[in-house]
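Coordinate analysis (summary)
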Amino acid sequence: MNPAPEPLLTPAPLPQPDQQLVPNRGTGAGTDVTSTLNDGLGWSVGEWIGYSSLMLVAVLLTIIAATTLWWMLHAWRSSASLAKTQFTANPRPAAHSFTLLVPGRHEEEVLGDTLDRLAQQDHPDFEIVAIVGHDDPGTEAVARAAADRHPDLIRVVVDHSVPKNKPKALNTALKTARGDIVGVFDAEDEVHPHLLTVVDSKFQETDADVVQGGVQLMNFQSSWWSLRNVLEYYFWFRSRLHFHAKSRFIPLGGNTVFVTKERLDWSEGWDAECLAEDCELGVRLSSDNAKVVVAYNPEYVTREETPPTLKSLYKQRTRWNQGFLQVLGKGEWKKLPMLKQRMFARYLLAMPFLQAATGILIPISLMLILFVKVPTVVALVTFLPLLPTIVTLAVEITGLAEFGRSYEQKVRVRDYAKLVLGMFPFQVFLALAAIRSVVRQVRGINAWEKTEHTGQHREAQESQGSPAAVAGSAPRMLEPVLQGSGGRS
């Protein structure tokens, strides 16, 4: 006799009254989504916090790196866009008068040469106003000696404000300005003698309210950080500012910037309490729909020097970052007409907060990577910033070669090595400066920390010969890089 066949399905026992059904998990007592996820990943609460911090810093760094890279490459998207960034090769006859403001505080070493070079402008109608503090007899003596050498061009104005800062000095001199366009220069600037002529023409061609010229740090071989500082300026004035002008939201540069007297009277000059008076003026003018034009030719850029010490650079970056936070808090950017502009402004002005946050999270991330076995999903996220970082480094290497060619500077193999090796330390340094700016802003510390100048850029030019780019020439070494990566529009 054959045994009875076994049933094909064995029914599971019904749940007891104290149990509840959980989809795909059988039975459980009080099981919820959180415990299910924790069981699946096996993370403790501490691991959740640590891994989340690690992924957050990776995402923040990716966003910052990607947007910065996009802005860096703006001018090289096509030959046409590159050509539009330049001054005209055939400027129109002069039609404006200029007042050039040159504030100087404890600048005995560099101010005299700067005033002498400014006096060599070939424009037919300009004046130079040297601004000195009432408590700075050394700088005043240098300024008055230059005025004696050029009595028809240079005047000296004494600033009696206390405490002193750059916007107060500019506002003091603005009251005496005679030109219909006001330009600002720093005490250590090397200015091309044809600059005012091409700026005058640019005002005529575009009917601009503001023309922002180029500024370039030159002493790239002075230190490891000076190399990166020089490249920052190169990409900022060569490309990024053109993107901001096209977006109709632009934080202006601190010098080689020219504003109509009418617009400065409307704005009542510069904000005397802001640590980034140039950015603040640009934001207010942008909010009032002022037309800002940026122009860059290697031949006509104003040459400057990097801060001579890392401490000086640290204070300078702190001041700039804190100034951005002040402008963010002031809220003038909220008057921008388009939502896209307001979002862009909020992101740009809040950058010190983002850099400070990543600066705090970076050591946490490193500790986790070094001492904790990171899950695969977290490790994959941490690699996100790698791609834009590698592309950025490649662009910087190409940019350094182009900088050397444009300014007839010899770039050595060791300079490329310093560029690569200094990338991460410089980003950490910038994050630390951002953290300090946030702390100062929260504590209400608004004291102006002056950047010292020693004339390193003049020494660099003398050691390598006087650089002179070909008039009207446009560097094109980055263009093939963009074409190969789909960056050409």
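Residues numbered from 1 in each chain as written. Predicted model: local features only at pLDDT ≥ 70, side-chain atom pairs only at ≥ 80, totals over all residues. Heavy atoms only, no water.

1. A look at helix α15 (residues 386-406)
In an α-helix, one turn spans 3.6 residues, which is why side chains three or four residues apart end up on the same side. Taking 1.5 Å per residue as the helical rise, α15 with its 21 residues ought to reach 30 Å, and the 30 Å between its terminal C-alpha atoms agrees with that figure. Among the residues of α15, those classed as buried are Pro 388, Thr 392, Leu 393, Val 395, Glu 396, Thr 398, Gly 399, Leu 400, Glu 402, Phe 403, Gly 404 and Ser 406. One or two positions beyond α15, positive phi appears at Glu 408, with a value near 55°. (Helix = DSSP H or I, 4+ residues; strand = E, 2+ residues; numbered from the N terminus. Expected span 1.5 Å × (residues − 1). Buried < 20%, exposed > 50% of the residue type's maximum accessible area, 1.4 Å probe, protein only.)

2. A word on the packing of aromatic side chains
Inspection of the entire model under this criterion finds 19 aromatic pairs. Relative to Trp 225, the ring of Trp 224 lies with its centre 6.2 Å away and its plane at 90°, an arrangement referred to as edge-to-face. Residue class for Trp 224 comes out partly exposed when judged on its relative accessible area of 30%. Measuring from ring centre to ring centre gives 5.9 Å for Phe 249 and Phe 344, while their planes differ by 75°; the resulting arrangement is edge-to-face. A residue pair is termed long-range when its members are at least 10 positions apart, and Phe 249 in the loop between α8 (224-247) and β9 (257-260) and Phe 344 in helix α12 (residues 339-349) qualify at 95 residues. A relative accessible area of 0% means that Phe 249 is categorised as buried. Positioned over the ring face of Trp 266 is Arg 263, at 5.3 Å from the centre of the ring. (Phe/Tyr/Trp six-rings, centres within 6.5 Å; stacked < 30°, edge-to-face > 60°. Lys NZ or Arg CZ within 6 Å of the ring centre and 35° of its normal.)

3. Description of the packing of helix α2 (residues 45-72) against α8
Their axes nearest at 7 Å, the elements α2 and α8 cross at an angle of 95°. Between α2 and α8, the interaxial angle falls into the category roughly perpendicular. Note on element contacts: α8 touches α2 through Phe 235, Ser 239, Arg 240 and Phe 243, opposite Thr 68, Trp 70, Trp 71 and Met 72. For the contact of α2 with α8, a count of residues per class yields five nonpolar, two polar and one charged. (Axes fitted to C-alpha atoms, helices over the stretch in contact; angles between N-to-C directions. Parallel < 35°, antiparallel > 145°, perpendicular 65-115°, else oblique. Contact = heavy atoms within 4.5 Å. Nonpolar A, V, L, I, M, F, W, Y, C, P; charged D, E, K, R; others polar.)

4. Quick look at the environment of Ile 63
Residue placement: Ile 63 occurs in helix α2. Residues Ile 63 and Leu 384 lie 321 residues apart in sequence; the distance between their C-alpha atoms is 9.5 Å.

5. Section: helix α6 (residues 166-174)
Within α6, eight of the nine residues are buried, which leaves it mostly tucked inside the rest of the structure. Regarding α6, the residues found buried are Lys 166, Pro 167, Lys 168, Ala 169, Leu 170, Asn 171, Ala 173 and Leu 174. The elements touched by buried residues of α6 are β3 (98-103), β4 (126-133), β5 (154-159), β6 (181-184), α9 (261-267) and α10 (277-287). Here α6 starts with a cap whose side-chain oxygen sits 2.9 Å from the backbone nitrogen of Lys 168, and that cap is Asn 165. (Polar contact = N/O pair within 3.5 Å; in protein donor to acceptor, adjacent residues only side chain to side chain.)

6. Structural notes on the confidence of the model for the protein chain
In this model, the protein chain carries an average pLDDT of 85, and 81% of its residues clear a pLDDT of 70 or more. Here residues 21-31 is modelled with pLDDT under 50, and outside its nearest four sequence neighbours on either side it reaches 12 contacts, counting other chains as well. Predicted confidence for residues 479-489 stays below pLDDT 50, and this span has 17 contacts to residues more than four positions away or in other chains. (pLDDT = per-residue confidence, 0-100.)

7. What about a nonpolar patch on the surface?
A contiguous nonpolar patch, built from Val 59, Ile 63 and Leu 384 and spanning about 230 Å² of accessible area, is present on the exposed surface. By the secondary structure assignment, Leu 384 is in the loop between α14 (376-382) and α15. (Patch = residues over 30% accessible without salt bridge, like charges linked within 9 Å, V, L, I, M, F, W, Y side chains within 5 Å. Areas by Shrake-Rupley, 256 points an atom, 1.4 Å probe, with all protein chains shown as cover. Salt bridge = Lys/Arg side-chain N within 4 Å of Asp/Glu carboxyl O.)

8. A closer look at the sheet that holds β4
Backbone-to-backbone hydrogen bonds join strands into a sheet, with any given pair of strands oriented parallel or antiparallel. Taken together, the seven strands give an open sheet; going across it, the order is β5-β4-β3-β6-β9-β7-β10, and neighbouring strands pair in mixed fashion. Of all the strands in the sheet, the pair left with one neighbour each is β5 and β10 (292-294). Recorded for the sheet is a direction-independent mean angle of 20° between the axes of neighbouring strands. With four bridges connecting them, β3 and β6 associate as parallel partners. Residue pairing for β6: Phe 98 is matched across the bridge by Ile 181. (Pairing = 2+ DSSP bridges.)

9. With respect to the pattern of salt bridges
Using the criterion set out here, one finds 22 salt bridges in the structure. Glu 396 is the salt-bridge partner of Arg 228, the closest N and O atoms lying 2.9 Å from each other. One end of the pair, Arg 228, is in helix α8; the other, Glu 396, is in helix α15, and 168 residues separate them in sequence. You can call Arg 228 buried: its relative accessible area is 4%. In this structure Glu 396 comes out as buried when scored by relative accessible area, which is 10%. Here Arg 436 ties to Glu 449 by a salt bridge, and the two come within 2.8 Å at their closest N and O atoms. Of the two residues, Arg 436 is situated in helix α17 (residues 423-443) and Glu 449 in the loop between α17 and α18 (456-464); the sequence distance between them amounts to 13 residues. Because the salt bridges share partners, they merge into one network encompassing Asp 271, Glu 280, Arg 284 and Lys 330.

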